[in-house]
Every structure is written in structure tokens, then in C-alpha cells.
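# Summary of structural features
Chain by chain, the residues run as shown.
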Amino acid sequence: MKAARICVALIAAVFAGFPYLWMVSSAFKPDAELFAHHLVVWPRHPTWAHFGSALGSAGLGTAFANSLIVGFATTIVTLAVAAPAAYALVRYRFAGRSFFAGTILAVQF
Amino acid sequence: MNGRETRTALAFLAPSLCVIVVLLAYPLARTLVLSLYRYNLAQVLGKPARFVGLENYRDLATSPFFWHVVLATLAFAGTCVVGTLAVGTIVALALEDAFPGRSALRVVVALPWAMPAVAASIVWKWLFDDQHGPLDAFLSALGLHAFAGFSWTANALVAFAAVAVIVAWQTFPFVTITLLAGFATLPRSVYEAAAVDGISDWRRTCAITLPMLGPLFLTLIVLLMIWDVKVFTQMYVMTGGGPGRGTYVLGLYAWREGFASVHLGVAAAIAAAMSALLAIFVGAYVRLARGSTA
Amino acid sequence: MKRLALLLSAVMWTLCGCDRHEQPTLSVWIMRPGNIAAAQAFFDAESAGFERTHPGIRVRVEFIPWLAAHDKLVTALAGDVPPDISELGSTWTAEFAAVGALRDLDRLDHRLGGRSAFVPALADAATLADGHVYGIPWYAGTRALLYRKSVFARARLEPPRTLADLARDARALSDPAQGTYGFALMGNNAPLFYPIVWEYGGDFAAPRDGVWHSQLAASDGARKALAYVHDLYRDHTAPQGAITWSDLDGRSAFAQGTVAMTVTGSWALASMFAEHPDVRADVGIVPFPSSRANAGPVAFVGGSHLVVYKRSHRPDLAEAFIAALSRAQAQRRWATTVGFYPGRAALVRSTIPDGTTVLESRVFADELLSGKSTPPAPGWGEVEGSATIPAMIQSVLSGQATESAAIAHASAEIDAQLDPDL
């Protein structure tokens, strides 16, 4: 049974990780290998060209900076809003407490 | 209950109430109002909108395509839920007991959860590609030559299955991690007693572990159902609704009406219908979640 | 502490100083092309030239991706902050003009030579039913049939000249067991289908009493066109997956040797040969098959217009900048950079877009001048955005609907999409 568990876990790891692997290998494949007739699994002539295009014409730098800004801001605001609310719901008893708790759970969708 | 406590509590809740009213209740109300109007590109640019009452809803209710999309959405979501739960549970059971390398595998298995939906959809679209994708190449190398150049998006049912794989891939880590946490809450005493009786691993799982997690499974089913009814990104990237409008789900339909066609009144009506559908599941979720903590 | 305060105030002063001396700006939105570096260089030069002849004005050019462009423009218009000038796809101009977003450019058009100066299909696409011109044709493109010379030589076939030839050649060159096919029958590529419908005498939409209606069911043309592609697909002249193929997928399959023929445009050649340099010598080109050998082929012509928004604060300057971009050498330079042809009819035959050979560019040029555009109905942008025509084609190819049923369904959809009241 233990062997079966380890097998399943390994298969799951391959299922979970393979797309990542493919993503990384594709990032370094030149166009000719990406569109080659016979599948190329690992790039034979790896290139940094795609990263160059991503940072250059595709504006990855700006996108990355924006994501960081949005991520930080969202985290801070969320904590600032949620922490007091959580404290109030747990620590105090008041009319409408149940309703608030339910509403907060419902609106996450 | 004393008045001072209530005032303090309300002060602490004020920020969340602000967010809920401004960012949720108001837009929801506006959307419902919008669904009662004809609101197209001309109106976006300033022409006054015509009030049409429930006409948008009537048009949807009498449209066979709309009902087809509703059924397709529910069937698709149901399939995703079953698939995700199955995979997530099997993996959680595999990782339940310790073995060398388990912590490393736990990390790898959690990775799909970390990828943004757009990125995951693009990578999987490439994996499923009929001309350059490794999946078809791998399957025909295994001897299944029917899969050489097989297109995963040429047929609606096959396309739904493919997108379900993407959704399941992204979501199963959540199920696995939740279940692993659930396993940790189960009382040791029951297991010790069972071990004394000499119970097999398999029976232990089927007769004790899974049944005791019943409520957790129910909560997971409802939660997954909500998320999977809302699926948009994966379907948009993978099929765009094709072939021939065969893989439309509610989210995609609302988007097309709203942004491709700029029929914002109709899109609002679809969104309202979707919210009504989701409200059933959300109500169930809130019931379940509060039931276990209140 | 004092030094910090000094530094901060210096910074603030500089920032505020910038605001106070803000120059009047002409904002220009251009669709982002593949060769962004060359595009940037082109506009740097044009802006500098314009700023020299119009001192005190700054020209700011922003590149926006095609995919997001429609949304971005609608949002900007809704927020009352559109650019002064933008590029608009030829099928969008009528849509934006009809809702009153664009400035009437009759005077500018007349100054630049009027309808006869430009590629006819593009000029028509910018003229609304009221007779006014709302866009200046900037560049045009069309598609032709590419074929693999070695495959045709081996099979001792001549490249097709009519649709019947195309069907015959496609069938002769298909060998599904070997994984090779005759034709890239792209199901997600409406421009492939348009000329086939026209060839059979059908059309898409026409105005009646000021309202546009679908013409798909008005004649047999569309049904015959659907039957034509359905027969080709059923006879396995293309891989099963071709039903969801876009132009890019068709090119990819062609370059790899999976299909012997495909239909694509001048703008795609540069990137296709960059990905598959070894294929260049083996690629031949003919006009899209048509029986009108003498009157010239009727291909589908697309392209872009330059437009001025009604909300612009500097409409005269905007028109002046468009006039500058419409100079012969400027138009030609931009067009060749992006792989298209200039909007000015007189320049078409002498232009060789980057990535094409002289022979290829001649084929495209001939098609351009005799080509046709989609109906200049304001709602046609919505028909395209909703992929109504590809959906119709795919429902027939996948067996979901018969030709007549698919046409009836698409016709109803198009009627609704073209109706301004809906």
C-alpha cells in the first residue's frame, strides 16, 4: 500500500509539474524549434531572445511593477479592513452579528 | 450586550461595511438597474438609454441558446467538481502518511494553485495543440495513433473535457491541502482502536477517514461548484466559445454580450441571472460554513 | 533635517514646474505592429518633423495592442477622454462614425485627392450612408493563395486558378494516412470565406431604407459557399483540427509541410519566413482563385483608417498631422514597415512590403485594386467581434447544422447585430 501511495504521489507530481517544465523549456526554445514538425522537448539551441522581447516590446517590466504595486496595496488594504472586522465579530456580542458574519462570507464570491 | 461594546464593534466593522457597500452592493444594484435598459454603444457615448423593463430578461428566457448555455455551464461545472474532488482526494490520501520525499512532493503538488489562470490556460492550450503540442505527440508515441494531430478544440464535448482538465489541474491542490488539514483534525483514538482490530489500510480509508470528513466534503463541493460555474478565463483562452458557439458558458456569454457586442443591458441581465443561480450555492456555503463554527 | 526639507521642496518645485509649463499635446493612438522598433522610429521622425513646422505643439504617440483596442477606445469615449487621432480598423470606422464619435473629414479627404486617390475598398469603408467621409485610408492589405512548389511539381499540378481547380488540387494532394493535406481550410478565419461567397454571387449585408439587413439568405451564394467548404472538409483535404484554425495556424501548418496550400496576407510573410527560413524558396503565390480572370480577382481587402475624434480640442492640428502622415513617402514607409500597402491607390503597384518578393507583391497589389471590403454597415464591427461568420462555418463543418439552418441562424444574428435599435 505504501508503494501504491508513493506511485500515486509521483504521478501527481508529474501532472502538477509538467506544465511548468514545458513553460520553462518553451521560454528558451527558438521559434524554429517551437514550431518544428517533430516535437522538441528540450531546446537544442536555447536562446534568451524571448525574454528580451518580453522585457522590450511586450512591456514585461511595467507589467511586473504594476503587479507588485497592486499586490502590495491590495494586501495592506485587505488586512486593514479585515483584521478589525474579524476581531469585532469574535470578541463582541451585538445585534446583527450573525448577519454580518454571513454577509462577509457570502460576498467573497 | 452593552451599548459601548456595540459602538466599538460597529467602529471596527465600519471599513468592511464601506467596502461592501461601495464595491459590492452599489455595483450590484447598478447592474440590476442597467439590466432594465437598452444600453448599447450609442448610449455609452452619451445618447439617452431607453427603459425596457423586463424585456432583456424576456428575450433571454425565450432564447434556446441561453438555456443551452445554462445547462452547459451546470454540466461543465459539475464535471469539473467531480474531477477536481477525485484527483484532490486521491492525492491527499497518497500524501497522508509519511514517506521519504513527501515534503518535497507536497510542494510540487501545490504548484498549480500558484499559477495565474491566464498563464495556466495558455500553457495548457499549447500542451493540447494539435500541431505542436506534446500531449498528442506523447499519445501517438505510446501507440495511440488516433491521437496524432488530434484536435482538442474541434468538438464541443472534447473541448469541454480539455478545459475541465485545466480547471481541475489548477484547483486540485486546494482540495488536497484542505483535506490534509482535515485529516489532521481527526481524533487519533478512533484510528488507534481500529489499528488494534487489525484493519487494512484501504478499509481504514473507506470506513473511517472519508466518512468522518463528510461535512468537509460537502463544503468543498459547494465551494468548487461556485468557482466552476464562474469559470471564464480558461474557456476564453482555450476555445473562445467555439467551435460554432458550442462551448459557451455563462461567464463567456455575459462577456461577449457586454464587450464584443456592447449590449450592456443584455449582459447585465445575464450577470443577474448568473448571480441568482450562484446565490443558491452561496447560501448553501454560508449555511455550511457557519454551521461548523457558530 | 533642514537639508531634507530643502531637497523635498526642490523636488516639489520641479514637479509643479513641469505642470505649469505643460505643452498643448496632440495624442495619437496607433495599433501596435509586430516590428515595434521600426514603428517607434517612424513616429519619432514624423512627430519631430511636425513639431518643427508647428512650434508649441507636442505629439504623443501611444501604441495599443489590437486585441484590447476596441475596448480601450470605447472606454476612453465613455470617459470623455479619447485621443485626438487614432488608427481604426476599416471595419470599425463605420461603427464609431454612426454613433457620432468621429469628426467629419470631407474637407481633408478632398484636399488629399478624394475617393479616387485611395484604394476603393478602403475609401468605401470610411464613407457612411450620409455620404460623408469619416476616415482617411492609411494602409491596406489583402490575402492570396500560397502553395508549396515542390509538392505541386511532384504531383505535376499547376497552381489553381478557379475554385474548382482548388478543390481538385486539394483532393489530389491529400493523404491523411501520411499526415499531409491539400489545403488549410481554416474554420476560424472569416476572410478566407468572404471571397468564396462573392465568387458564388452571394453577399453579406445590404441597406434597405437606411437599415442594414443580412443578405446571406437572399441568394444561393452563401449556401453554395458553405457547401463548397463542407465538401472539402468532409473529403479530408485539411486536418480535422483545421475547423478551429486561425490564419496563424494555417500558416504554421503550411510552413511545416502539413498542408500544401494556404491563404494568408502580405503582413504575415515576414514572420512566417523568420520562423521557417528554409521554406522561403519553395513558396509560390497566386491570386485567390476566381473565375473573373479578366476583370481581376475579387479578393477581400482590409486595412486601417486614420480618424479624428469629435471631442478633440485641436481638430485642425489633428487634420494637419493626418495630412502629414498621408504624404506619399510617409504612407509608403509606414506600410512597408508593417507589411501592408499604402492607402493611396497610385502607390500600391510600386510598393514592396518588407518580407515579400517582387512577384509576391505584384500579386497582392493586383488583388488590392480590384478587391472588396465587408459591408460598411455600422454594426459590422459587432458581427466580426462576435465571430458570427466563423461560428456559422464551424457549425456546418462540425455537423452541428445543415447549410440552410446555419445560414438562417447566422442571418438572424446578423440582422440583430446590424439593427441600430437593438
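Residues numbered from 1 in each chain as written. Chains lettered and ligands numbered in written order. Predicted model: local features only at pLDDT ≥ 70, side-chain atom pairs only at ≥ 80, totals over all residues.

### With respect to the overall build of chain C
We apply this condition: Helical segments are the DSSP runs of H or I of at least four residues, strand segments are the runs of E of at least two, and each set is numbered from the N terminus. For the radius of gyration, the atoms used are the C-alpha atoms, and the globule rule reads 2.2 Å times the number of residues raised to 0.38. Any residue with 12 or fewer other C-beta atoms within 10 Å of its own C-beta is exposed, any with 20 or more is buried, and the rest are partly exposed; the C-beta atoms used are placed from the backbone. Any two residues are considered in contact once their C-beta atoms, placed from the backbone, lie within 7 Å.
Helix and strand content of chain C: 19 helices and eleven strands. The C-alpha radius of gyration of chain C comes to 24 Å, within 12% of the 22 Å expected for a compact globule of 422 residues. Counting all 422 residues of chain C, 50% fall into the buried class. Put simply, of all contacts in chain C between residues at least 6 apart along the chain, 76% involve residues at least 24 apart.

### Here's the deal with the overall build of chain A
Along its length, chain A carries five helices and zero strands. Moving toward the C terminus, one meets the helices and strands of chain A in the order α-α-α-α-α. For a compact globule of 109 residues, the expected C-alpha radius of gyration is about 13 Å, and chain A comes in at 24 Å, more than 25% above that figure. Counting every position in chain A, which comprises 109 residues, the buried fraction comes to 8%.

### Comments concerning the interface of chain A and chain C
Rule in force here: Asp, Glu, Lys and Arg are counted as charged, while Ala, Val, Leu, Ile, Met, Phe, Trp, Tyr, Cys and Pro are counted as nonpolar; the rest, among them Gly, fall into the polar class.
Listed by partner, the interface residues are five residues for chain A and seven residues for chain C. Split into classes, the residues belonging to the side of chain A that touches chain C amount to two nonpolar, two polar and one charged.

### Focus: the interface of chain B and chain A
Facing the 37 residues of chain B at the interface are 38 residues of chain A. Mapped by element, the contributors of at least two residues to the side of chain B that touches chain A are helix 1 (3-34), helix 4 (64-94), helix 5 (102-114), helix 6 (117-127), helix 7 (134-141) and helix 14 (264-293) of chain B. Among the elements that line the side of chain B that touches chain A, the one with the most residues is helix 1 of chain B, at eleven residues. When its residues are assigned to classes, the side of chain B that touches chain A shows 29 nonpolar, four polar and four charged.

### Overview of the domain arrangement of chain C
Residue and element names in this part refer to chain C. For the record, the criterion: Throughout the structure description, domain borders are defined by an automatic or database domain assignment.
When cut into domains, chain C gives domain 1 (17-141 + 302-369) and domain 2 (143-299 + 376-418). Inter-centroid distance (C-alpha atoms) of domain 1 to domain 2 is 29 Å. Domain 1 puts 27 residues into the contact, and the matching count from domain 2 is 26 residues. Contributions of two or more residues to the side of domain 1 that touches domain 2 are made by helix 4 (90-98), helix 6 (120-125) and helix 16 (358-369).

### Here we look at the domain arrangement of chain A
Looking at chain A, the domain boundaries give domain 1 (1-58) and domain 2 (61-109). Spacing between the C-alpha centres of domain 1 of chain A and domain 2 of chain A amounts to 37 Å.

### Describing unusual backbone geometry
For residues other than glycine, phi is negative in most cases, and the peptide bonds are mostly trans. A positive phi angle is found at Arg245 of chain B, which is not glycine, with a value near 65°. By secondary structure assignment, the location of Arg245 of chain B is in the loop between helix 12 (233-238) and helix 13 (250-260). Classification of Arg245 of chain B by C-beta neighbours within 10 Å gives buried; the count is 26. Even without being a glycine, Ala387 of chain C presents a positive backbone phi close to 55°. Locating Ala387 of chain C in the fold gives a position in the loop between helix 17 (380-385) and helix 18 (388-397).

### As for the packing of helix 1 (residues 2-28) of chain A against helix 4 of chain B
Our working rule: Comment: axis = line fitted to C-alpha atoms, over the contacting stretch for helices; angle = value between 0 and 180 degrees taken between N-to-C directions. The scheme is simple: roughly parallel for angles under 35 degrees, roughly antiparallel for over 145, roughly perpendicular for 65 to 115, oblique for anything else. Less than a right angle of anticlockwise turn of the near helix away from the far helix marks a crossing as left-handed, whereas a clockwise turn marks it as right-handed.
Interhelical geometry of helix 1 of chain A versus helix 4 of chain B gives an angle of 130° and a closest axis separation of 8 Å. By the criterion of interaxial angle, the relationship of helix 1 of chain A to helix 4 of chain B is oblique. Of the two possible hands of crossing, helix 1 of chain A and helix 4 of chain B adopt the one that is left-handed. On the side of helix 1 of chain A, the interface is formed by Arg5, Val8, Ala9 and Ala12 of chain A, while helix 4 of chain B contributes Ile90, Val91 and Ala94 of chain B. Each residue belonging to the contact of helix 1 of chain A with helix 4 of chain B can be placed in one class, and the counts come to six nonpolar, no polar and one charged.

### Considering the environment of Leu73 of chain C
Residues and elements named next belong to chain C. Tracing the chain through its elements places Leu73 in helix 3 (residues 66-78). Residue classification places Leu73 among the buried residues on the basis of 20 C-beta atoms within 10 Å. Along the chain, Leu73 and Glu95 lie 22 residues apart, while their C-alpha atoms are 12 Å from each other.

### A word on the nonpolar core
Test applied: Put simply, a nonpolar core is a cluster of buried Ala, Val, Leu, Ile, Met, Phe, Trp, Tyr and Cys residues tied together by C-beta atoms within 7 Å.
Counting residues in each nonpolar core, the largest one holds 197 residues, and the members touching the most others are Ile270 of chain B together with Val119, Phe183, Ala184 and Val229 of chain C. Of the residues forming this core, the biggest block, 14 residues, is contributed by helix 8 (residues 156-185) of chain B. Among residues more than four places away in sequence, those in contact with Ala184 of chain C are Ala238, Ala242, Trp245, Gly250, Ala253, Phe254, Val259, Met261 and Thr262 of chain C. Counting residues in hydrophobic clusters, the runner-up holds five residues, among them Ala85 and Phe100 of chain A together with Ala9 and Leu13 of chain B.

### What to know about helix 1 of chain B
All names here are of chain B. Convention followed: Given a helix with a known number of residues, its expected span is that number minus one, times 1.5 Å. Values of bend correspond, residue by residue, to the angle between axes fitted over the seven residues ending at that residue and the seven starting there.
Under the 1.5 Å per step criterion, the end-to-end length of helix 1 is only 41 Å for 32 residues, more than 12% shorter than the ideal 46 Å. In helix 1, a bend of some 45° at Ala14 exceeds every other bend along the element, and Pro15, a proline, comes one to four places later. For helix 1, the full list of buried residues reads Ala9, Leu13, Ser16 and Leu34.

### Description of the confidence of the model for chain A
Put simply, the test is: The predictor attaches a confidence to each residue, called pLDDT, with possible values from 0 through 100.
Across chain A, the average pLDDT comes to 88, with 99% of residues at or above 70. Of all helices and strands in chain A, the one with the weakest mean pLDDT is helix 2 (residues 31-34) of chain A (80), whereas helix 4 (residues 60-91) of chain A scores best (93).

### Some thoughts on the environment of Ala323 of chain C
All names here are of chain C. Tracing the sequence through the fold places Ala323 in helix 13 (residues 315-325). Separated by 75 residues in sequence, Ala323 and Ser398 place their C-alpha atoms 48 Å apart. Excluding its chain neighbours within four sequence positions, the residues that come into contact with Ala323 are Leu108, Arg111 and Leu112.

### So, the pairing of strand 2 (residues 58-64) of chain C
Where we set the bar: Pairing between strands is defined by DSSP: at least two bridges between them are needed.
Bridge count for strand 1 (residues 25-31) of chain C against strand 2 of chain C is seven bridges, and the pairing is parallel. Each residue of the ladder has a partner; that of Leu26 of chain C, found in strand 2 of chain C, is Val59 of chain C.

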